[in-house]
Amino acid sequence: MVSTSALAQAPIPPQSIPVPKAAPKGRDAAADGQKGSMTTTGATQVPNPVIPDPHRNVPLSIFASFDDKQKAQAAKISSYLSSLQTLVGNFVQVGPDGSKTKGQFFIQKPGKVRFEYEAPNPVAIVADGSMVAVRDRNLATQDLYPLSQTPLRYLLSDRIDLMKDTNVVSVTADDLFISVTIEERQLLTGTSRLMLMVGAKDGQLKQWTVTDPQGYDTTVAVYNLDTSRKIDPGMFKIDMTEHTFPPG
C-alpha cells in the first residue's frame, strides 16, 4: 500500500504518474519471475504483473536500429493504441518496494483518464486533457502536473506512431508479450522509461512499467478491459479551486 505519510513527505515525480510511490526497498525481491501468472477471485482472474529484469532492454548505442519484424511489431501496438477511444478496466499496481495496490481506471481519448485506488488507499488520479491531478482524500491535497510531462500522454494520444512520435529503444517479443520501451531524456529530471506490453496473441494492452530517473520501476497490469462502455465526462473534471501544490 502507498502510505499517506510517504505521499505527504515527497512530491510525486511527474514521470511516475499514474504510480504514486512508497519508499523503495532493494530490487532483488521484485525481480523474480519473468512469466506472469493469474490468481482467481470469484469469477475474476487477477493478473500477477510481470516484473521486468532491471537490466532489461539497455541499448548498446543511442542510435537504436530495428529490423522489419520489430518495426511491424511496433506498428501493431501503435495501431492498437490509436484504435482505442474509450477503455475501462481494473488494474494491479506493483511499486518499487514490491507493494501491491488495486483499483479501476477509465480512459477517454484524447487525454482523459481516471485511476481510482481501492480503500484504504486514498489516492485518485485524474487527467482532463491538459493537466493531471493527484488527489489524496485523507490529506485533502491535490498536486497538479502538465499532462505533457507524464508518460500518460502516450496511452492517451488520439493517434500515435511509436517509431515516429517517440524515442523507441527496444522492441521485443516472446510467446506471451510484445514489448516496446520508450526512453525520455529531460535536462532537469533525467532519463525515464516506459515499457508497454500487449498480448502476443490477442494484441490487447496487458501492462506497462515506468522506470524513473533513479532506476526504480513501477508496474501496472490491466484486466477486465471494456472498450464499449460509455463514461461520464464529469469523471475527468479537475476542480482548480481546490488547494494545489506545484510540482516539486
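Residues numbered from 1 in each chain as written. Predicted model: local features only at pLDDT ≥ 70, side-chain atom pairs only at ≥ 80, totals over all residues. Heavy atoms only, no water.

We now examine the environment of Gln-108. As for its placement among the helices and strands, Gln-108 is situated in strand 4 (residues 100–108). Separated by 119 residues in sequence, Gln-108 and Thr-227 have C-alpha atoms that sit 9.9 Å apart. With near-sequence residues (within four places) excluded, Gln-108 lies in contact with Gln-85, Thr-86, Ile-231 and Phe-236. (Helix = DSSP H or I, 4+ residues; strand = E, 2+ residues; numbered from the N terminus. Contact = heavy atoms within 4.5 Å.)

One can find Asp-136 in strand 7 (residues 131–136). Judged by relative accessible area, Asp-136 falls into the buried class, the value being 6%. Each C-alpha atom, one on Asp-136 and one on Ile-125, is 9.0 Å from the other, the two residues being 11 residues apart in sequence. (Buried < 20%, exposed > 50% of the residue type's maximum accessible area, 1.4 Å probe, protein only.)

Bringing the packing of aromatic side chains into the picture now. Aromatic rings in a pair are described by how distant their centres are and how their planes are angled relative to each other. Tallied over the full model, the rule gives four aromatic pairs. When the centroid spacing of 5.1 Å and the interplanar angle of 80 degrees are considered together, the rings of Phe-91 and Tyr-117 count as edge-to-face. Residue Phe-91 is found in strand 3 (residues 86–94), and its partner Tyr-117 is found in strand 5 (residues 112–117); the two are separated by 26 residues along the sequence. Judged by its relative accessible area of 5%, Tyr-117 is buried. Ring geometry for Phe-115 and Trp-208: centres 6.3 Å apart, planes at 80 degrees, overall edge-to-face. Here Phe-115, found in strand 5, pairs with Trp-208, found in strand 12 (residues 205–211); they are 93 residues apart in sequence, far enough to count as distant. (Phe/Tyr/Trp six-rings, centres within 6.5 Å; stacked < 30°, edge-to-face > 60°.)

When pLDDT is averaged across the chain, the result is 80; 74% of the residues are at 70 or more. In the model, residues 1–16 has pLDDT below 50 throughout and makes 39 contacts with residues more than four positions away in sequence or in other chains. When the criterion is pLDDT under 50, residues 18–37 qualifies, and its contacts beyond four places in sequence or with other chains add up to 55 contacts. (pLDDT = per-residue confidence, 0-100.)

Quick look at the pairing of strand 4 now. Two strands pair when backbone bridges link them, and strand 3 and strand 4 are joined in this way by nine bridges, in the antiparallel orientation. Looking across to strand 4, one finds that Val-94 is bridged to Lys-100. Where strand 3 hands over to strand 4, the hairpin turn is made up of five residues, of which Gly-98 adopts a positive phi near 90 degrees. The pairing of strand 4 with strand 5 spans six bridges and is classified as antiparallel. Looking at strand 5, one finds that Phe-106 is bridged to Arg-114. (Pairing = 2+ DSSP bridges.)

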